[in-house]
Amino acid sequence: AIVADFHKKIKDAFEVFDHESNNTVDVREIGTIIRSLGCCPTEGELHDLIAEVEEEEPTGFIRYEKFLPVMTKVLLERKYRPIPEDVLLRAFEVLDTAKHGFLTKEELIKYMTEEGEPFSQEEMEEMLSAAIDPESNSINYKEYITMMVIDEN
Amino acid sequence: MGSSTSAPHRFAFQNAEHAFKAAALIQRWYRRYMARLEMRRRCTWSIFQSIEYAGQQDQVKLHDFFSYLVDHFTPRNHNERDFLNRMFTEERFAQDSEMEKSSDFESIEVPDSYTGPRLSFPLLPDQATALVEAFRLKQQLHARYVLNLLYETRKHLAQLPNINRVSTCYSEEITVCGDLHGQLDDLIFIFYKNGLPSPERAYVFNGDFVDRGKESVEILMVLFAFMLVYPKEFHLNRGNHEDHMVNLRYGFTKEVLHKYKTHGKKILRTLQDVFCWLPLATLVDEKVLVLHGGISDRTDLEFLAKLDRHKIVSTLRCKMRKESTKQEEEKKTANQPSSAQEPTPWFLPQSRSLPSTPFHLRPDKAHRAGRSCSIPCPGALDRQELSRHARRSVDLELERCRQQAGFPGIKESEEPSPLASGPDPESGELLEPTQEEWRQVVDILWSDPMAQEGCKANTVRGGGCYFGPDVTEQLLERYSLQLLIRSHECKPEGYEFCHNRKVLTIFSASNYYEVGSNRGAYVKLGPSLTPHIVQYQANKGTHLLTMRQRISRVEESALRALRKKLFAHSSDLLDEFKKHDADKTGIISLSDWAAAVESVLHLGLPWRMLRPQLVNSSTDNMLEYKTWLESLAKEQLSRENIQSSLLEKLYRNRSNLETIFRIIDSDHSGFISLDEFRQTWKLFSSHMNIDISDNCICDLARSIDFNKDGQIDINEFLEAFRLVEQSCSEGRDSACPQSTDTSDGGPSSPDPH
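Residues numbered from 1 in each chain as written. Chains lettered and ligands numbered in written order. Predicted model: local features only at pLDDT ≥ 70, side-chain atom pairs only at ≥ 80, totals over all residues. Heavy atoms only, no water.

### Here we look at the overall build of chain A
Cut-off, in case you're wondering: By definition, any uninterrupted DSSP run of H or I lasting at least four residues is a helix, any uninterrupted run of E lasting at least two residues is a strand, and each is numbered from the N terminus. Type-normalised accessible area, obtained with a 1.4 Å probe on protein chains alone, sets the label of each residue: buried when under 20%, exposed when over 50%, and partly exposed for intermediate values. The contact definition used throughout considers only heavy atoms, calling two residues in contact when any of these lie within 4.5 Å. Accessible areas in this description were obtained via Shrake-Rupley with a 1.4 Å probe; residue shielding takes into account the shown protein chains only.
A tally of regular secondary structure across chain A gives eight helices and four strands. Residue burial in chain A is summarised as follows: out of 153 residues, 42% are buried. Pairs at least 24 residues apart make up 59% of the contacts formed inside chain A by residues separated by at least 6 positions. Carbon and sulfur atoms make up 51% of the accessible area of chain A, which amounts to about 8,300 Å² in all.

### Observations concerning the overall build of chain B
Of regular secondary structure, chain B possesses 29 helices and 19 strands. Within chain B, the fraction of its 753 residues that count as buried is 58%. Within chain B, contacts between residues at least 6 apart in sequence are counted, and of these 75% link residues at least 24 apart. As displayed, chain B has an accessible area near 32,300 Å², and 50% of this comes from carbon and sulfur atoms.

### A few points about the sheet that holds strand β13 (residues 520-525) of chain B
Residue and element names in this part refer to chain B. The cut-off we apply is this: Here, a strand pair is defined by DSSP locating no fewer than two bridges between the strands. Axis definition: a line fit to C-alpha positions, over the contact stretch in the case of helices; interaxial angles, taken between N-to-C directions, run 0 to 180 degrees.
Taking strand neighbours across the sheet as the criterion, the five strands line up as β4-β3-β2-β13-β14 in an open arrangement whose pairing is mixed. If you trace the sheet from one side to the other, it starts and ends with β4 (234-236) and β14 (531-536), each paired once. In this sheet, adjacent strand axes meet at a mean angle of 20° when their direction is disregarded. Relative to strand β3 (residues 201-205), strand β2 (residues 173-177) runs parallel, the two being bridged by five bridges. Paired with E173 across the bridge in β3 is R201. This element, helix α7 (residues 184-194), spans β2, β3, β4, β13 and β14 of the sheet and lies at about 155° to β3. Its contacts with the sheet place helix α8 (residues 216-229) against β3 and β4, and it is angled at close to 130° to β4.

### Some thoughts on the nonpolar core
For clarity, the threshold we go by: To define a nonpolar core, start from buried Ala, Val, Leu, Ile, Met, Phe, Trp, Tyr and Cys residues and group those joined through side-chain atoms within 4.5 Å.
The biggest cluster of nonpolar side chains holds 65 residues, and the ones touching the most others in it are F67 of chain A together with F577, W593, W607 and W628 of chain B. When sequence neighbours within four positions are dropped, the list of residues in contact with F67 of chain A reads I10, F14, I30, I33, I34, V53 and I62 of chain A. Residues L150, I219, V229 and Y260 of chain B belong to the second largest nonpolar core, which totals 60 residues.

### Focus: the pairing of β14 of chain B
Residues in a regular strand point their side chains to alternate faces of the sheet. Residue and element names in this part refer to chain B. Examined bridge by bridge, β13 and β14 share six bridges and lie antiparallel to one another. The residue bridging Y522 from the neighbouring strand is V534, located in β14. Counting the residues between successive antiparallel strands, the hairpin from β13 to β14 contains five residues, one of them, L529, with a positive phi of roughly 65°.

### Considering the UniProt feature "domain: EF-hand" (unreviewed entry) in chain A
Residue and element names in this part refer to chain A. Definition in use: UniProt positions are given in the numbering used here, feature names are shortened, and annotations may be inferred rather than shown by experiment.
According to UniProt, the "domain: EF-hand" (unreviewed entry) feature falls on residues 5-40 and 83-118. From the first C-alpha to the last, residues 5-40 spans 20 Å; its make-up is 56% helix and 8% strand. From the first C-alpha to the last, residues 83-118 spans 18 Å; its make-up is 58% helix and 6% strand.

### Points about the pattern of salt bridges
Under the convention used in this document: Put simply, a salt bridge is a Lys or Arg side-chain nitrogen that is within 4 Å of an Asp or Glu carboxyl oxygen.
One pass over the full model with this rule turns up 34 salt bridges over all chains. Notably, a salt bridge pairs R63 of chain A with E55 of chain A, separated by 2.9 Å at the nearest N-O pair. Accessibility expressed as a relative area gives 33% for R63 of chain A, which makes it partly exposed. Ionic pairing is found between K311 of chain B and E437 of chain B, a salt bridge with its closest N-O pair at 3.2 Å. Placement of K311 of chain B in the loop between α12 (301-306) and α13 (325-333) and of E437 of chain B in helix α17 (residues 435-446) is noted, with a sequence separation of 126 residues between them. Residue E437 of chain B is classed as buried on the basis of its relative accessible area of 11%.

### What to know about the sheet that holds strand β11 (residues 495-498) of chain B
Residues and elements named next belong to chain B. Strands sit in the order β1-β5-β6-β10-β12-β11 across an open sheet of six strands; the sheet is mixed. Each having just a single partner strand, β1 (163-166) and β11 make up the two edges of the open sheet. On average, each strand axis in the sheet is inclined to that of its neighbour by 20°, with strand direction left out of account. In this sheet, strand β12 (residues 503-506) lies alongside β11 in antiparallel orientation, the contact comprising four bridges. Bridge pairing in β12 links C498 to V503.

### Brief notes about helix α1 (residues 2-17) of chain A
To keep it simple, the criterion reads: Given a helix with a known number of residues, its expected span is that number minus one, times 1.5 Å.
Taking 1.5 Å of rise per residue, the 16 residues of α1 of chain A would be expected to cover 22 Å, and the 24 Å separating its terminal C-alpha atoms lies within 8% of that figure. Those residues of α1 of chain A lying buried are F6, I10, D12, A13, F14, V16 and F17 of chain A.

### Focus: a nonpolar patch on the surface
The test is simple: Any residue with relative accessible area above 30% and no salt bridge may belong to a patch, with like charges joined within 9 Å and the nonpolar Val, Leu, Ile, Met, Phe, Trp and Tyr side chains within 5 Å.
Residues I2, V3 and L76 of chain A make up a contiguous nonpolar surface patch of roughly 260 Å² in combined accessible area. Position of V3 of chain A relative to the elements: it lies in helix α1.

### Thoughts on the packing of helix α5 (residues 125-136) of chain B against α8 of chain B
All names here are of chain B. Quick note on the threshold: Note on angle classes: values under 35 degrees are labelled roughly parallel, values over 145 roughly antiparallel, values of 65 to 115 roughly perpendicular, and the remainder oblique. The hand of a helix crossing depends on one turn: near helix anticlockwise from the far one by less than a right angle means left-handed, and clockwise means right-handed. Charged residues are taken to be Asp, Glu, Lys and Arg, nonpolar residues to be Ala, Val, Leu, Ile, Met, Phe, Trp, Tyr, Cys and Pro, and polar residues to be all remaining types, Gly included.
Their axes nearest at 9 Å, the elements α5 and α8 cross at an angle of 165°. Between α5 and α8, the interaxial angle falls into the category roughly antiparallel. Of the two possible hands of crossing, α5 and α8 adopt the one that is left-handed. Between α5 and α8, the residues in contact are P125, A128, T129, L131, V132 and F135 and E218, M221, V222, A225, F226 and V229, respectively. Across the contact of α5 with α8, the residue classes tally to ten nonpolar, one polar and one charged.

### Some points on the confidence of the model for chain B
All names here are of chain B. Defined as follows: The predictor's confidence in any single residue is recorded as pLDDT, a number from 0 to 100.
For chain B, per-residue confidence averages 72 on the pLDDT scale, and residues scoring 70 or more make up 59% of the total. Throughout residues 319-429 the model reports pLDDT below 50, and contacts reaching past four residues in sequence, or to other chains, amount to 174 contacts. In this model, residues 638-643 is a region of pLDDT below 50 whose contacts with residues beyond four sequence positions or in other chains number 20 contacts. Here the predicted complex scores 0.63 on pTM and 0.94 on ipTM.

### Details of the pairing of strand β10 (residues 483-486) of chain B
Residues and elements named next belong to chain B. Because side chains alternate across β10, one face comprises the buried residues L483 and I485, and the other comprises L484 and R486, equally buried. As defined by bridge partners, strand β6 (residues 288-291) adjoins β10 across three bridges and the pair is classed as parallel. By the bridge assignment for β10, V290 is matched with I485. Strand direction decides the pairing type here: β10 and β12, joined by three bridges, are parallel.

### Notes on the environment of V288 of chain B
Residues and elements named next belong to chain B. Secondary-structure assignment places V288 in strand β6. Taking the C-alpha atoms as reference points, V288 and V166, 122 residues apart in sequence, are found 9.7 Å from one another. Setting aside its immediate chain neighbours within four residues, V288 contacts T282, L283, Q482, L483, I485, L525 and L529.

### Description of the interface of chain B and chain A
Accessible area lost on assembly of the parts is the figure often given for the size of an interface. Applicable threshold: In this description, buried area is defined as the sum, over both parts, of the accessible area (probe of 1.4 Å) that is lost when the two are combined. Counted as a polar contact is a pair of N or O atoms within 3.5 Å, where, for protein atoms, one must be capable of donating a hydrogen and the other of accepting one, and residues adjacent in sequence contribute only when both atoms are in side chains.
Taken residue by residue, the interface counts 35 residues in chain B and 46 residues in chain A. For the pair chain B and chain A, the summed buried area comes to about 4,000 Å², and 64% of that belongs to carbon and sulfur atoms. Among the residues of chain B in contact with chain A, R28, W29 and R31 of chain B are the three that bury the most area, contributing 20% of the side total. Where chain B touches chain A, the interface holds four salt bridges. Note that R608 of chain B is salt-bridged to D12 of chain A, the shortest N-O span being 3.2 Å. Applying the counting rule to chain B against chain A returns 15 residue pairs in polar contact (both at pLDDT 80 or more). Taken together, the elements giving at least two residues each to the side of chain B that touches chain A come down to α1 (7-72), α20 (547-568) and α23 (607-614) of chain B. Considered class by class, the residues forming the side of chain B that touches chain A number 19 nonpolar, seven polar and nine charged.

### Here we look at the packing of aromatic side chains
Selection rule: In this scheme Phe, Tyr and Trp rings, the latter by its six-membered ring, pair at centre separations within 6.5 Å, and the angle between planes marks the pair as stacked below 30 degrees, edge-to-face above 60, and tilted otherwise. The rule is short: NZ of Lys or CZ of Arg within 6 Å of the ring centre and within 35 degrees of the ring normal puts a charge over the ring.
Overall, the coordinates contain 28 aromatic pairs over all chains when judged by the stated rule. An angle of 40° between the planes, with centres 5.2 Å apart, marks the rings of F189 of chain B and Y536 of chain B as tilted. Remark: Y536 of chain B occurs in strand β14 and F189 of chain B occurs in helix α7; sequence separation between them is 347 residues. A relative accessible area of 24% means that F189 of chain B is categorised as partly exposed. The class for Y536 of chain B is buried, based on a relative accessible area of 4%. Consider the rings of F252 of chain B and F275 of chain B, whose centres lie 6.2 Å apart with planes at 40°: the pair is tilted. Highlighted residues: F252 of chain B in helix α10 (residues 252-259) and F275 of chain B in helix α11 (residues 264-277), separated in sequence by 23 residues. In this structure an aromatic cluster arises from ring pairing among F119 and Y144 of chain A together with W29, Y30 and Y33 of chain B. Its guanidinium or amino end placed over the ring of Y64 of chain A, K11 of chain A lies 5.7 Å from that ring's centre, counting from NZ or CZ. When the ring centre of Y111 of chain A is taken as origin, the NZ or CZ atom of K110 of chain A, which lies over that ring, is 5.0 Å away.

Shown next as structure tokens:
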């Protein structure tokens, strides 16, 4: 029964991006689909997943028949769990070496575009538009997290 | 030496590692957040689109409704007969001669107090510019100038070919704009950003200028004015909304009647004619074809170029005009059973029996469509044979109805051809388009591209077809073209390429569904005809919002619309839920909820993804469905003693109601008599399965402030209906509709009859 439920959830999410109604989606949308189903993989983990669901000769499209079993397994094994608020907060605190309670715009840009799995310019700009307080040119990360979490719920 | 890292180095190394990990964590979290936002955006988009297209299907259903009436409603007296008669045919004088009457507008006086723009003909460029400015300042053009402008426009359009051929050697580049849908702000923005039309700056506007937005009239005035001023550089194509039947439903008719209370009808009549004269397509440098909807595998440009486009009054149906008595007599004497030579009345329920009408393709009938499609045909059907056979049985049925109704002698046919007496302009006889002509035009005004190969009926819209990249390739090759530019579909970015960049969709109405929903765009073609796209979003406010806020706003709007729709189907939903609740526990699983909702609404939406925003009150993946329906009702209703099932049915059919009323009010007087009102309700309720007694209707009519000569103002009625929901809480009991249903379950538990 749980599996049936998962199947329906996966189907729904898949169909949102199945523009031609032929049970395929563009591979570039797979990340969105997987994440909207509650998973929080890294880019690396995402690439591995894509490799699993891709055709032997990559066509740029992912078929539902291949996606469903892989995704079901992911959900059953509860892989790629989302990040709790406090862990996220600690991550910011690590970057905030001077322990100010905020990061400057420059610091945020530097970390997000040079460390970890770097942001694209678009991703960076979008994050800045919501996160940075234009007056202080910095991000109060505690407030930011709270705001984002509320917004999600 | 330094083979082993000293303490500070190790510390630094660990720090770096921590920073790396921390950054990675934040990025991972952020990407998930953005993905969920994207999902919400897509879902929101689906909601709006599905509701929009469902509306278009409704239009088709309305046509079925009228067919149903003819089948099942036998008028009992001459009043009813006249009433039906009036609904289905239209009083029309000799079209051309009426249009030639310039006394139409010359007799209209413009008071000195009028401060709006004044036009004189022939129009000069600065007058057109002045119009734009005046409209920007929210002025309204006087009816006299509107009619004068329309009269001149018609004269100009009538000499244009069906496919306008345009060259870019004089103006250096040409700008093509898509749907505007009454959004004047977008038009003004385009002129501001791209420049006003001029001999050096050519424009093509690709249809759908009107409906939905609130300034359709103003847009038309501006477009027509520039077309008159720069006839060689300024071009218009007809869209599927340049159609009086569609306008009845989507707001343009209403806008005109509201803005021009005295002369609105005349303006609408004139517009009906002007729309028919709009060219069907524009060909740029013999290489780029611009048309509103799309193509089909049957599209024949030579055929399209030759037909009389003026005959196609509405793409929703082949309309028949009332014949003069002279023709009637001639037909009666020339009466034969094999009357295969006469025009087909539009309201006949032939759709049910004939395979060739594109608008009534249900899945089982789709295979019989007279077009090649990817759905296999069940054996070799001789289409002609089938339709002839079907027609014969319809003939008999119809003859019976006609006799009872006392309709004029009408006969059906395969293909109309000129009557024996020939076209006679003096008696007002006008030829009808052939089935093929009609279909060709419908195809180019209604079709949408699809990614799969082939060509199949467009059942979502109810008209035209879906065409694949192979169809595009075929057409482009056949006519040595390099690009097809079309509009008709709203796109988030205002434009979209498909079919290997051989088809470009351009849509110029930004924020079409809601503020922040999409950008608008226009495309410029230079001498090499490479497209260069410019995007915009007319509302400045949205730029300041983050994507998150923009999506939230649009989402809210979509969800509100969706909840309204859900409420409108409360009874059906309750029935469906009960099916999943065999043990009558009052609880169903969320999975069942999703399945039930889809089977009732048929919107094809991802319900499980939308569920968190539609259902707040679930625990353990289970839902108390009655409570949920009640909470939906609470949102929509405001007062205790409203009989929610009646209201819900009316609500669901609200836009249909309005359209029906407007069709009945065929002289656009804005009034219908109590008798007509009663009859309308009877017809309506028999089709919609609403049980309303005569008394009830009278009460309803009475409560709507109708004490002026037994007439009801359509607008008043609809307004009253809207106010009923709000103002009942103010205690105006007389305004509440009473139904004959005696069960009193209270406001919030919709009781199915």
